[in-house]
Amino acid sequence: MYTIVTGAAGFIGSNIVKALNARGVTNIIAVDNLTKADKFKNLIDCEIADYLDKNDFIARIQAGHFDGEVDAILHEGACSDTMETDGRYMMENNFRYSTILLDWCQDQDVQFLYASSAATYGGSNVFKEERQYEGPLNVYGYSKFLFDQIVRQRLAKDPSSQIVGFRYFNVYGPREYHKGRMASVAFHNFNQFRAEGKVKLFEGSHGYENGGQMRDFVFVGDVAKVNLFFLDHPEKSGIFNLGSGRAQSFNDVAVATVNGCLKAKSGAENQAPLTLAELRNQGLLEYTAFPEALKGKYQAFTQADLTRLRAAGYEAPMASVEEGVAEYMEWLHARV
C-alpha cells in the first residue's frame, strides 16, 4: 500500500516526506510539478517509491489505476502565491484538483489530509475555525476557503474515512529556498544579512500594539509532526488551525535570524544574543517604507486559536520564533 504526498518536492510536502522516512515509511508516491526544476533538490535525501507529475497523477486517479492501493493522501500541492491574479488558474489548481482527490478518497476509504490556510480568515482578528470569522482577501485565500466549505459539507454527513484540513499560518523552516518571494521572512532575512550585512524590515514591524504587524510564525518541523499525529489517528477528522498559537513581531524574527547568523559566523556556542536596540545601534537592522502593493491585501495580525487542535489530542508544544529560527539558521548555515 502507498502513501501519497502531493506537492512532495515543495516546502511542507518535502518535510512531510522526510518525516515519514524518519519513521521507516518509504513506500511513498511523490506527486509534484517540476516546471521549476530546482525543487528536485528537496527530495535528494528522501526515499520514495515513485514520482509522478501532478497532471499524470490526477489522470491515473480518475482512471482507477490506484484503486485499492493507497492508505492515505497528504495533499500539500497548491499554488501558494497570495499575489497571483489569475483566478481561473488558482481555482482549477487549488479548488477543483482538491475536490477530485477528496471524492476519490471518500470512494476508496482513504485517509485525506490536506493543506488549508490562515488566509481563509482575511482581515479578521479572530482565528477560530468557524464560518463567521472567515473572509479571504485574495483569490488564493478564497480557493482554500471554498474547499473548506466543501469539506464541512462532507463532514456533516459523517464520512467513513478521515478528512483533515490544516489551516497553516506563517510556516518557516528548511526546504523553502525555491519559493522565491513567497518564502518565509526568516529565509529572506537570512539571505539579506549574508548579502548586505544587515536586515531591512518594513515600518510597523515593531508589533501590533504599536500599529504594526504581528504574525503567528510556525516552524515546519511542528507542521510535519501534526500531520503525522493525525495520520496515526484516522478516527479524527475536522479542520484545524496549525500555528504556534502565539503572535510575534517581524522584529522577533529578524533578531533571531541575525543572532543565529552571528553565532554561526563566530562559532561561539555561548555567545550572548544581541538585543533589538543593540542590533539597531550597530546598523544590523533598519526599516523601510511599507509597499503600496501589499496594502489591503495583507493580514496585519494573526494568531492561531489552537483550542480545537488541543482538544483533538495533540499536546506537544510548538516552537517559539526564538527556538525555531535558531534551529533553522543552523540548518541553513550548514548548507551554504
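Before reading further, recall that the structure is shown in the block above.
Below you will find a few notes about this structure. Since this is a predicted model, take the numbers as computed values, not measurements.

Quick notes on the packing of helix 1 (residues 11-22) against helix 6 (residues 220-231)
Thought 1: Their axes nearest at 9 Å, the elements helix 1 and helix 6 cross at an angle of 60°. As far as their axial angle goes, helix 6 and helix 1 are oblique. Every pair of crossing elements has a handedness; the one defined by helix 1 and helix 6 is right-handed. On helix 6, the residues that touch Phe-11, Ile-12, Asn-15, Ile-16, Ala-19 and Leu-20 of helix 1 are Val-220, Val-223, Ala-224, Asn-227, Leu-228 and Leu-231.
Thought 2: Residues that form the contact of helix 1 with helix 6 fall into these classes: 10 nonpolar, 2 polar and no charged.

Thoughts on helix 10 (residues 321-333)
Thought 1: For helix 10, spanning 13 residues, the distance from its first C-alpha to its last is 18 Å, which sits close to the expected 18 Å at 1.5 Å a residue.
Thought 2: Taken together, the buried positions of helix 10 are occupied by Val-321, Gly-324, Val-325, Tyr-328, Met-329 and Leu-332. Buried positions in helix 10, seen along its axis, are confined to an arc of 135° and lie on one side of it. Residues of helix 10 that are exposed and point more than 90 degrees away from the buried face comprise Glu-323 and Glu-330.
Thought 3: Of the surrounding elements, those touching the buried residues of helix 10 are strand 7 (170-172), helix 5 (185-196), strand 10 (217-219), strand 12 (248-249) and helix 7 (250-266).

Points about the sheet that holds strand 6 (residues 163-168)
Thought 1: Sheet architecture is open: 7 strands sit in the order 3-2-1-4-5-6-11, paired in parallel fashion. One side of each edge strand has no neighbouring strand; the edge strands of this open sheet are strand 3 (50-53) and strand 11 (238-242). The mean inter-strand angle of the sheet, taken between neighbouring strand axes irrespective of direction, is 20°.
Thought 2: Pairing of strand 1 (residues 2-6) with strand 4 (residues 70-75) involves 5 bridges; the strand directions are parallel. Bridging across to strand 4, Tyr-2 finds its partner in Val-70.
Thought 3: Its contacts with the sheet put helix 1 on strand 1, strand 2 (28-32), strand 4 and strand 6, and the angle it makes with strand 1 is roughly 155°.
Thought 4: Contacts between helix 6 and the sheet are confined to strand 4, strand 5 (111-117), strand 6 and strand 11, with strand 6 contributing the most and set at about 165° to the helix.

Some points on the environment of Leu-285
Thought 1: In this fold, Leu-285 is placed in strand 13 (residues 285-288).
Thought 2: C-alpha separation for the pair Leu-285 and Asn-251, spaced 34 residues apart in sequence, amounts to 9.0 Å.
Thought 3: Apart from residues no more than four positions distant in its own chain, Leu-285 is found in contact with Val-199, Leu-201, Asn-251, Ala-254, Leu-276, Leu-279 and Arg-280.

With respect to the environment of Asn-170
Thought 1: Checked against the element boundaries, Asn-170 lands in strand 7.
Thought 2: The partly exposed category is assigned to Asn-170, whose relative accessible area is 23%.
Thought 3: Through-space distance from the C-alpha of Asn-170 to that of Leu-276 is 22 Å; in sequence the pair is 106 residues apart.
Thought 4: When sequence neighbours within four positions are dropped, the list of residues in contact with Asn-170 reads Arg-215, Asp-216, Phe-217, Val-218 and Thr-302.
Thought 5: Engagement of the side chain of Asn-170 in a polar contact is seen with the side chain of Arg-215, the distance being 3.5 Å.

Brief notes about the pairing of strand 11
Thought 1: Among the 5 residues in strand 11, 5 count as buried, and that is most of the element.
Thought 2: The alternating pattern of strand 11 places Gly-238, Phe-240 and Leu-242 on one face and Ile-239 and Asn-241 on the opposite face, and all of these are buried.
Thought 3: Alignment of strand 6 against strand 11, held across 5 bridges, turns out to be parallel. Its bridge partner being in strand 11, Phe-166 is matched across the sheet by Phe-240.

Topic: the packing of aromatic side chains
Thought 1: Evaluation of the coordinates by the stated rule reveals 17 aromatic pairs.
Thought 2: Here the aromatic rings of Tyr-114 and Phe-147 are separated by 4.9 Å at their centres, their planes lie at 85°, and the arrangement is edge-to-face. With a gap of 33 residues between them, Tyr-114 in strand 5 and Phe-147 in helix 4 (residues 139-156) connect regions that are remote in the sequence.
Thought 3: Exposure remark for Tyr-114: the relative accessible area of 1% places this residue in the buried category.
Thought 4: Each ring, one from Phe-127 and one from Phe-169, has its centre 6.0 Å from the other, and the planes form 70°; the classification is edge-to-face. With Phe-127 in the loop between strand 5 and helix 4 and Phe-169 in the loop between strand 6 and strand 7, this residue pair connects regions lying 42 residues apart in the sequence. Here Phe-127 matches Phe-169 in class, with each residue buried.
Thought 5: Taken together through their ring pairs, the aromatic side chains of Phe-166, Tyr-168, Phe-229, Phe-230, Phe-240 and Tyr-314 make up a single cluster.
Thought 6: Above the ring of Tyr-121, the side-chain terminus of Arg-167 is found at 5.0 Å from the ring centroid.

Brief notes about the side chain of Ser-143
Thought 1: Within the secondary structure layout, Ser-143 lies in helix 4.
Thought 2: When its relative accessible area of 0% is taken as the criterion, Ser-143 is described as buried.
Thought 3: Separated by 2.7 Å, the side chain of Ser-143 and the backbone oxygen of Tyr-140 make a polar contact.
Thought 4: What Ser-143 contacts, discounting residues up to four positions off in sequence, is Met-90, Met-91, Asn-94 and Phe-95.

Here's the deal with the environment of Tyr-51
Thought 1: Relative to the helices and strands, Tyr-51 resides in strand 3.
Thought 2: Between the C-alpha atoms of Tyr-51 and Ala-30, which are 21 residues apart in sequence, the distance is 4.7 Å.
Thought 3: Other than its neighbours up to four places away in sequence, Tyr-51 contacts Ala-30, Asp-32, Asn-33 and Leu-34.
Thought 4: One polar contact links the side chain of Tyr-51 to the main-chain carbonyl oxygen of Asp-32, over a distance of 3.0 Å.

Here is what the cut-offs are and how they apply
Residues numbered from 1 in each chain as written. Predicted model: local features only at pLDDT ≥ 70, side-chain atom pairs only at ≥ 80, totals over all residues. Heavy atoms only, no water. Axes fitted to C-alpha atoms, helices over the stretch in contact; angles between N-to-C directions. Helix = DSSP H or I, 4+ residues; strand = E, 2+ residues; numbered from the N terminus. Parallel < 35°, antiparallel > 145°, perpendicular 65-115°, else oblique. Left-handed = near helix turned anticlockwise from the far one by under 90°. Contact = heavy atoms within 4.5 Å. Nonpolar A, V, L, I, M, F, W, Y, C, P; charged D, E, K, R; others polar. Expected span 1.5 Å × (residues − 1). Buried < 20%, exposed > 50% of the residue type's maximum accessible area, 1.4 Å probe, protein only. Arc of directions from axis to C-beta. Pairing = 2+ DSSP bridges. Polar contact = N/O pair within 3.5 Å; in protein donor to acceptor, adjacent residues only side chain to side chain. Phe/Tyr/Trp six-rings, centres within 6.5 Å; stacked < 30°, edge-to-face > 60°. Lys NZ or Arg CZ within 6 Å of the ring centre and 35° of its normal.

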